[in-house]
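Structure at a glance
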Amino acid sequence: MNTGDPVEALREAERRVLDIQTKLHRWASDGPHRRFDDLYNLVCDPAFLLVAWDRVRGNKGARTAGVDGATARYIEAERGVEGFLAELRDELKARTFRPLPARRRAIPKVGGKVRYLGISTVRDRVVQASLKLVLEPIFEADFLPCSYGFRPNRRAHDAVAEIHHFASRSYEWVVEGDIKACFDEISHPALMDRVGRRVGDKRVLVLVKAFLKAGVLAEDGTLADALKKKWLIWIDHQ
């Protein structure tokens, strides 16, 4: 990969990532019961980490620090992106990478209520984003066309448009449902079981589980166990 020109390096990385994602999606689509056994090396791949960094850096949340106090701008100015990603890759390859607790932050909601978010460190967000780049094309093959939640190139307005399409023809009823505190209450064992149906690489499963168990650091300095599902974990690259 060309590292002389940062712009060209990113373009090359994006091309490599897209090529691999296309293959992963095709293999997953052709084999509904296929389990992928060698994905961890992709998570550690320099191209995937560079694209992951670019997505995290381009998010508004890049200005918000986690428990380590480091923002994306701080990493660029003080540590350098190349060195930061190289160090992160070394930790991943050596299996010494450990996610830090997310920082709890209260976000006001309409009506005077408060929503609690757990803000991960930038380093953790980059690894999460790399994981997402690898896993998303695989699990996308399993979703139905009528699913719109948290999927690439889909949004709530698309669901509304489809409802309008059917309602203006033969359908007369629309049923709206919501799972209260879904991400707070979701069963981690059940979630890992579903991930394991497609992912046979134990290193990836261990990494995903490590994020689930990282916990949340409250404003008073106490650590809340993520397995108790008290707070919503905010993954910044969504």
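For every chain, the first residue of its written sequence is number 1, and the numbers climb from 1 along that sequence. Side-chain atom pairs in this predicted model are given and counted only at pLDDT of 80 or more, local residue features only at pLDDT of at least 70, and totals for whole chains, interfaces and linings cover all residues. Hydrogens and water are ignored here; the side-chain numbers use all heavy atoms of the structure.

Let us look at helix H9 (residues 188-196). Helical geometry: 3.6 residues make up each α-helical turn, so side chains three or four residues apart lie on a common side. A 1.4 Å probe rolled over the protein chains alone gives each residue an accessible area, and that area as a share of the maximum for its type sets the label: buried under 20%, exposed over 50%, partly exposed in between. Think of it this way: any DSSP run of H or I at least four residues long counts as a helix, any run of E at least two long counts as a strand, and we number them from the N terminus. Every buried residue belonging to H9 is among His-188, Met-192, Val-195 and Gly-196, and all of these are buried. Taken down its axis, H9 places every buried residue within 95° of arc, on the same side. By definition, residues are in contact when any of their heavy atoms lie within 4.5 Å. Residues of H9 that are buried make contact with helix H6 (122-140) and helix H10 (202-212). Pairs of N or O atoms within 3.5 Å make up the polar contacts considered here, provided that, within protein, one atom can donate a hydrogen while the other can accept it, and that residues adjacent in sequence are counted only when both atoms are side-chain atoms. The opening residue of H9, the one whose side-chain oxygen lies 3.2 Å from the backbone nitrogen of Ala-190, is Ser-187. Relevant arc is that of directions from the helix axis to the C-beta atoms, nothing else.

This next bit is on the packing of helix H5 (residues 81-94) against H6. Running from amino to carboxyl end, H5 crosses H6 at an angle of 65°, the nearest separation of the two axes being 11 Å. With respect to H6, the element H5 is oriented roughly perpendicular. Handedness of the crossing formed by H5 with H6: right-handed. Taking contact as the criterion, the partners of Phe-84, Leu-85, Leu-88, Glu-91 and Leu-92 in H5 are, on H6, Arg-123, Val-126 and Val-127. Interaxial angle, 0 to 180 degrees, is taken between N-to-C directions of lines fitted to C-alpha atoms, where a helix line uses only the stretch in contact. Any angle between 65 and 115 degrees counts as roughly perpendicular, while under 35 counts as roughly parallel, over 145 as roughly antiparallel, and the rest as oblique. Rotating anticlockwise by less than a right angle from the far helix to the near helix defines a left-handed crossing, while the corresponding clockwise rotation defines a right-handed one.

UniProt positions are given in the numbering used here, feature names are shortened, and annotations may be inferred rather than shown by experiment. Here the UniProt feature "domain: Reverse transcriptase" (unreviewed entry) sits at residues 107-212. End C-alpha atoms of residues 107-212 are separated by 21 Å, and the span's content is 52% helix alongside 8% strand.

The predictor rates its confidence in each residue with pLDDT, a number between 0 and 100. Residues with a pLDDT of 70 or more make up 93% of the protein chain, whose mean pLDDT is 88. Within the protein chain, no element has a lower average pLDDT than strand E5 (residues 232-234), which sits at 37, and none a higher one than helix H2 (residues 40-43), at 98. For the stretch residues 227-238, pLDDT sits under 50, and the model shows 41 contacts to residues farther than four places along the chain or on other chains.

By the element assignment, Glu-87 lies in helix H5. For Glu-87, a relative accessible area of 39% translates into the label partly exposed. On a C-alpha basis, the gap between Glu-87 and Val-160 in space is 44 Å, while along the polypeptide they are 73 residues apart. A polar atom in the side chain of Glu-87 sits 3.2 Å from the side chain of Arg-79.

Along the chain, Glu-140 falls in helix H6. Overall, Glu-140 belongs to the buried group, its relative accessible area being 17%. A polar contact is formed between the side chain of Glu-140 and the side chain of Arg-151, at a distance of 2.9 Å. Excluding anything up to four places from it in sequence, Glu-140 contacts His-25, Arg-151 and Pro-152.

In this section: the pattern of salt bridges. The rule for a salt bridge is simple: a side-chain nitrogen of Lys or Arg has to be within 4 Å of a carboxyl oxygen of Asp or Glu. Under the defined criterion, the tally for this structure stands at 13 salt bridges. One salt bridge in this structure joins Asp-45 and Arg-16, with 2.6 Å as the shortest N-O distance. Of this pair, Asp-45 sits in the loop between H2 and helix H3 (46-58) while Arg-16 sits in helix H1 (residues 6-30), and the two are 29 residues apart along the sequence. As a salt-bridge pair, Asp-38 and Arg-203 come within 3.2 Å of each other at their nearest N and O atoms. In this pair, Asp-38 is assigned in the loop between H1 and H2 and Arg-203 in helix H10, connecting sequence segments 165 residues apart. Taking the relative accessible area as the measure of exposure, Arg-203 reaches 25% and is therefore partly exposed. The network of salt bridges with shared partners includes Asp-38, Asp-201 and Arg-203.

So, on to the pairing of strand E1 (residues 102-108). Any two strands between which DSSP finds at least two bridges are classified as paired. Looking at chain direction, E1 and strand E3 (residues 216-217) are connected through two bridges and run parallel. Paired with Ala-102 across the strands is Val-216, a residue of E3. Strand direction decides the pairing type here: E1 and strand E2 (residues 114-119), joined by six bridges, are antiparallel. Looking across to E2, one finds that Ala-106 is bridged to Tyr-116.

A few words now on unusual backbone geometry. The general pattern is negative phi for most residues beyond glycine and trans for most peptide bonds. The residue Phe-150 is not glycine, and still its phi comes out positive at about 55°. Along the polypeptide, Phe-150 turns up in the loop between H6 and helix H7 (156-167). Residue class for Phe-150 comes out exposed when judged on its relative accessible area of 63%. Residue Asn-153 is not a glycine yet carries a positive backbone phi of 60°. Within the secondary structure, Asn-153 sits in the loop between H6 and H7. Owing to a relative accessible area of 82%, Asn-153 belongs among the exposed residues under this scheme.

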